[in-house]
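Overview (structure and organization)
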Amino acid sequence: MQAGNIPLVLTALVDAPAVIADGFLNGQYVLPTPLTLTVPFVVPLIGVVPQTVTLQNNVPFNGILHPLERITAIAPNPLSGGLLNVTTNGTQIGGIVPALLNY
C-alpha cells in the first residue's frame, strides 16, 4: 500500500478471507514448553544419584481438519551427550473433525 501498488492491495484484500479460513481449518503451530525433572540415576558402587534433566515438550496446536498427532519431546541423551527426539504415548492432539471420526 505504501508503494502505491493498488492491484496488489486489492488482491490481498480479496485473498484475506481465504487465507484466514485456511489457517483456521488446516493451520499448524507447535508450542515448545520446557519441563524440568529430577531423575534418580543408579551409579554402580555409588548408589542413586539425582540428576536434573530439562525436556522440551513440543505441543501441537492445529486447525480443525488437521490429523491427530502425538506430543513430541527433545531430551538429553545421558550416554552420548546429544539430544533424543522422543514421541510420547499419551493422547493424540489434532483437529476436532479427525478426533470425532476416530473416537
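Anyway, here's the lowdown on the structure attached to this text.

Reading guide: rules and limits
- Residues numbered from 1 in each chain as written.
- Predicted model: local features only at pLDDT ≥ 70, side-chain atom pairs only at ≥ 80, totals over all residues.
- Heavy atoms only, no water.
- Buried < 20%, exposed > 50% of the residue type's maximum accessible area, 1.4 Å probe, protein only.
- Helix = DSSP H or I, 4+ residues; strand = E, 2+ residues; numbered from the N terminus.
- Pairing = 2+ DSSP bridges.
- Expected span 1.5 Å × (residues − 1).
- Bend = angle between axes of the 7 residues up to and from the residue.
- Patch = residues over 30% accessible without salt bridge, like charges linked within 9 Å, V, L, I, M, F, W, Y side chains within 5 Å.
- Areas by Shrake-Rupley, 256 points an atom, 1.4 Å probe, with all protein chains shown as cover.
- Salt bridge = Lys/Arg side-chain N within 4 Å of Asp/Glu carboxyl O.

Quick notes on the pairing of strand β3 (residues 72-76)
- Residues of β3 alternate between two faces, with Ala73 and Ala75 buried on one and Thr72, Ile74 and Pro76 left unburied on the opposite face.
- The pairing of strand β2 (residues 47-62) with β3 spans three bridges and is classified as antiparallel. Paired with asparagine 58 across the bridge in β3 is threonine 72.
- Note: β3 against strand β4 (residues 83-87), five bridges, orientation antiparallel. Bridge pairing in β4 places alanine 73 opposite valine 86.
- Between β3 and β4, which follow one another and run antiparallel, lie six residues, and glycine 81 among them has a positive phi close to 85°.

Describing the pairing of strand β1 (residues 28-43)
- The pairing of β1 with β2 spans 16 bridges and is classified as antiparallel. What sits directly across from proline 34, in β2, is glutamine 56.
- Counting the residues that bridge the hairpin from β1 to β2 gives three residues, and of these leucine 45 lies at a positive phi of roughly 70°.

With respect to helix α1 (residues 6-26)
- Its 21 residues give α1 an end-to-end C-alpha distance of 29 Å, which sits within 8% of 30 Å, the value for a rise of 1.5 Å per residue.
- Considering bend angle alone, the principal kink of α1 is centred on aspartate 15 and spans about 40°; proline proline 17 follows within four residues of it.
- Within α1, only one of the 21 residues are buried, which leaves it mostly out in the open.

Thoughts on a nonpolar patch on the surface
- A cluster of nonpolar side chains, Phe24, Leu25, Leu65, Ile96, Val97, Leu100 and Leu101, forms an exposed patch at the surface whose accessible area comes to about 700 Å².
- Where the nonpolar patch is concerned, the elements lending two or more residues are α1 and α2 (96-102).
- Looking at which element gives the most residues to the nonpolar patch, the answer is α2, with four residues.
- Summarising the element assignment, leucine 101 is placed in helix α2.
- Of the residues examined, leucine 101 reaches a relative accessible area of 71% and is grouped as exposed.

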